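Each chain is listed here by its residues.
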Amino acid sequence: MLQIKDLSIYIKGQLLVDNISFSIKQGEMFALLGESGSGKSLTALSIMRLLPANALYGNKSSICLQEKELLDLTNRQMRTVRRQRLGMIFQDPMTSLNPVMTIGKQLSEAVQGTPDKEELISLLEKVKISQPAERLNNYPHELSGGMKQRVIIAMALASKPSLLIADEPTTALDVTTQAEILKLLRDIIYAENMALLFITHDLALAAQNADQIAVMQKGCIVEQAASKQFFKSAKDPCSKKLLQSLPDNLHLDLANPSNEQILSAQSLRVYFPIRSGIFKRTVGYVKAVDEVDFTLNKRETLAVVGESGSGKTTLGKAILGLLPEARGNISRGNDRLQVIFQDPFSALDPKLRIYDSLVEGIRHENDKDKTIDKLLAAVGLPEEYKWRFAHEISGGERQRVCIARALTVKPDIIICDEPTSSLDVSVQAQVLELLTKLQREYGLTYIFITHDISLVRLLAHKVIVMYKGKIVEAGDKEQVLNSPQHDYTKRLLDSVPSVVA
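The model shown is predicted, which means the values in this text are computed figures rather than measured ones. (Residues numbered from 1 in each chain as written. Predicted model: local features only at pLDDT ≥ 70, side-chain atom pairs only at ≥ 80, totals over all residues. Heavy atoms only, no water.)

*Asks:* Quick question: what am I supposed to make of the overall build of the protein here?
*Replies:* Of regular secondary structure, the protein possesses 20 helices and 20 strands. A compact globule built from 501 residues would reach a C-alpha radius of gyration of about 23 Å, and the protein, at 24 Å, matches this within 12%. Dimensions of the protein along its principal axes, counting C-alpha atoms only, are 70 × 55 × 45 Å. Within the span of the protein, comprising 501 residues, buried residues form 53% of the whole. Surface accessibility of the protein: about 23400 Å² in total, with carbon and sulfur atoms responsible for 46%. (Helix = DSSP H or I, 4+ residues; strand = E, 2+ residues; numbered from the N terminus. Rg over C-alpha atoms; globule rule 2.2 N^0.38 Å. Buried < 20%, exposed > 50% of the residue type's maximum accessible area, 1.4 Å probe, protein only. Areas by Shrake-Rupley, 256 points an atom, 1.4 Å probe, with all protein chains shown as cover.)

This is the structure:
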């Protein structure tokens with residue numbers, strides 16, 4: 001189906017993809033693994049011929065799709081190939097959908113010719129969206145993350161492509177939705193006899209779903225093998241490093257919680273009003289957080305687990321005092337709270353140097369430079385990084401800066417809202433080790449919001465499981481994860497992908 005030979009890519013004279021070769025058969029899922037910056041997405045864009053204008057292919061480069069050499073085609077011919085033979089699913093469905101157009105309109109643009117309503121409904125049925133006729137009139141913001149991603153898949157399938165490229169298609173989704181989307185993709189490629197290039201940094205998802213594995217490092221493919229063989233006996237040091245960085249293979253030296261209670265919540269609720277009619281009268285409420293109770297001790301990590309829309313992030317915002325709709329009792333004395341967000345790049349002002357981002361929290365101290373140097377050292381960054389901008393450092397380094405910024409106000413409690421979900425597996429391991437180290441040294445207490453059960457097993461002391469705004473299960477980590485009582489918790493645990501050697 002697809003055959004790549006001796007592919008090299010240069011941008012501004014720099015070699016970013018170095019002489020790689022691989023092939024994908026019909027009905028096969030081929031996973032391309034590697035850390036951020038290894039060249040995975042550049043490889044995908046090269047197949048689509050969507051590289052930036054200043055990119056150049058090496059002289060011997062060859063990309064053949066169904067025996068047609070794509071690099072020999074004119075731009076006009078390539079547009080026809082994209083429309084008829086190639087489909088691509090991007091990482092963030094919200095940025096791939098037009099927020100002011102209905103789902104039906106966007107699907108219509110993806111289908112060749114003038115489709116009728118039944119054809120559009122059939123596309124949505126193929127990706128297993130409930131009530132497809134009604135969804136055609138919806139706008140993207142009216143759909144959940146999983147539904148938006150299904151719409152993107154439907155759009156990619158609209159032209160009945162031979163090759164589907166999925167670039168990190170499940171990164172922003174919760175664990176059960178991830179499992180559903182990957183199963184859907186597998187079912188489709190087998191049913192339609194397509195080929196799928198699956199780009200990911202999630203080794204567990206690759207292990208559960210891919211037929212073939214290739215690992216990229218610094219623009220080169222360093223190892224390639226059948227999936228079972230790769231996860232049983234990886235040979236390259238880079239592959240072994242990735243596997244060793246999996247949460248199941250890590251051991252963190254957790255802090256010992258004290259018996260001193262630092263935070264408690266009783267009957268905490270956040271109800272958002274539903275307004276309707278000309279006068280926008282309140283006709284009901286969305287119960288985002290509904291009668292939640294919990295306690296937290298000093299140096300303890302409480303994991304808040306649940307699917308998207310379960311109320312996890314809303315709970316965190318309520319604890320921080322950011323929601324005027326919040327009701328109930330939160331007792332935290334004089335303890336200071338800080339937050340670490342999911343996306344380190346959007347959390348940092350791109351116009352400010354790292355120094356300026358950190359100095360905001362210590363503006364009343366005398367020796368600001370010395371304090372900033374200590375903070376950077378605490379999160380494992382060199383002193384000279386304070387003069388850099390956010391775009392000049394890697395994703396893992398940006399998250400370290402966000403952690404340093406949280407430490408500037410000397411917090412007692414830090415709310416970590418999916419702080420590693422956008423990071424590759426080896427950088428994730430570094431950030432987790434850093435968080436536990438800081439907890440031991442500074443006596444920090446964490447509320448760790450996540451949908452990744454493997455991280456919960458690794459660093460939590462206690463767990464609460466949320467579903468539709470309510471806590472359906474709570475207790476010590478071993479109790480909740482090893483002996484779950486609620487069916488919802490059991491479903492979450494059953495959806496967790498694992499790497500089986």
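*Asks:* Sorry if this is basic, but what is going on with the nonpolar core here?
*Replies:* Side chains of nonpolar character tend, in soluble globular proteins, to be buried together. Grouped together as the largest cluster of nonpolar side chains are 49 residues, with contacts concentrated most on Ile153 and Ile213. Here isoleucine 153 is in contact with Ile89, Val127, Ile181, Leu184, Leu185 and Ile188, once residues within four sequence places are set aside. Counting 41 residues, the second largest nonpolar core, distinct from the first, contains Ile372, Ile403, Leu432 and Leu459. (Core = buried A, V, L, I, M, F, W, Y, C linked by side-chain atoms within 4.5 Å. Contact = heavy atoms within 4.5 Å.)

*Asks:* Would you mind showing me how to read the sheet that holds strand β19 (residues 462-467) here?
*Replies:* Hydrogen bonds between backbone groups are what pair the strands of a sheet, and the pairing can be parallel or antiparallel. Ordered in space as β16-β17-β18-β14-β19-β20, the six strands form an open sheet in which the pairing is mixed. If you trace the sheet from one side to the other, it starts and ends with β16 (337-340) and β20 (470-476), each paired once. If you compare each strand with its neighbour and ignore which way they point, the axes differ by 15° on average. Of the strand pairs in this sheet, strand β14 (residues 301-305) and β19 are connected by four bridges, and their pairing is parallel. Along β19, the bridge assignment pairs valine 304 with isoleucine 464. In this fold helix α12 (residues 312-320) packs onto β14, β16, β17 (413-417), β18 (445-450) and β19, with an angle of close to 150° to the strand it touches most, β18. Where helix α20 (residues 487-494) meets the sheet, its contacts fall on β14, β19 and β20, and the angle it forms with β19 comes to roughly 105°. (Pairing = 2+ DSSP bridges. Axes fitted to C-alpha atoms, helices over the stretch in contact; angles between N-to-C directions.)

*Asks:* Explain the sheet that holds strand β15 (residues 326-331) to me, please; I cannot follow it from the model alone.
*Replies:* Spatial strand order, β13-β12-β15: three strands in an open sheet with antiparallel pairing. The open sheet has two edge strands, β13 (281-297) and β15, and neither has a second partner. For this sheet, the mean angle separating the axes of adjacent strands, direction not counted, is 10°. With twelve bridges joining them, strand β12 (residues 261-276) and β13 adopt antiparallel strand pairing. For arginine 275, the partnering residue across the bridge sits in β13 and is threonine 282.

*Asks:* What is the right way to read the pairing of β20 from this model?
*Replies:* Pairing of β19 with β20, which is carried by six bridges, proceeds in the antiparallel orientation. Of the residues in β20, the one forming a bridge with valine 465 is glutamate 473.

*Asks:* Is there a simple way to think about the state of the cysteines in this case?
*Replies:* Cysteine pairs can be covalently joined through their sulfur atoms, and such a bond is termed a disulfide. Overall, the coordinates contain zero disulfides when judged by the stated rule. The thiol of cysteine 220 is not disulfide-bonded; the next cysteine sulfur, from cysteine 238, is found 11 Å away. Here cysteine 416 is not disulfide-linked; the sulfur of cysteine 402 is the nearest cysteine sulfur, at 11 Å. (Disulfide = S-S within 2.5 Å.)

*Asks:* I'm lost on a nonpolar patch on the surface in this one. Help?
*Replies:* Side chains of Tyr10, Leu15 and Leu56 sit close together on the surface and give an oily, nonpolar patch of about 270 Å² of accessible area. Tracing the chain through its elements places tyrosine 10 in strand β1 (residues 2-11). Taking the relative accessible area as the measure of exposure, tyrosine 10 reaches 32% and is therefore partly exposed. (Patch = residues over 30% accessible without salt bridge, like charges linked within 9 Å, V, L, I, M, F, W, Y side chains within 5 Å. Salt bridge = Lys/Arg side-chain N within 4 Å of Asp/Glu carboxyl O.)

*Asks:* How should helix α15 (residues 368-378) be read in this particular structure?
*Replies:* Side chains three or four residues apart in an α-helix point the same way, a direct result of the helix having 3.6 residues per turn. Within the sequence span of α15, burial applies to Thr371, Ile372, Asp373, Leu375, Leu376 and Ala378. Residues of α15 that are buried in the fold lie against α14 (354-359), α16 (395-407) and α17 (425-442). Looking one or two residues past α15, glycine 380 carries a phi angle of roughly 75°, positive in sign.

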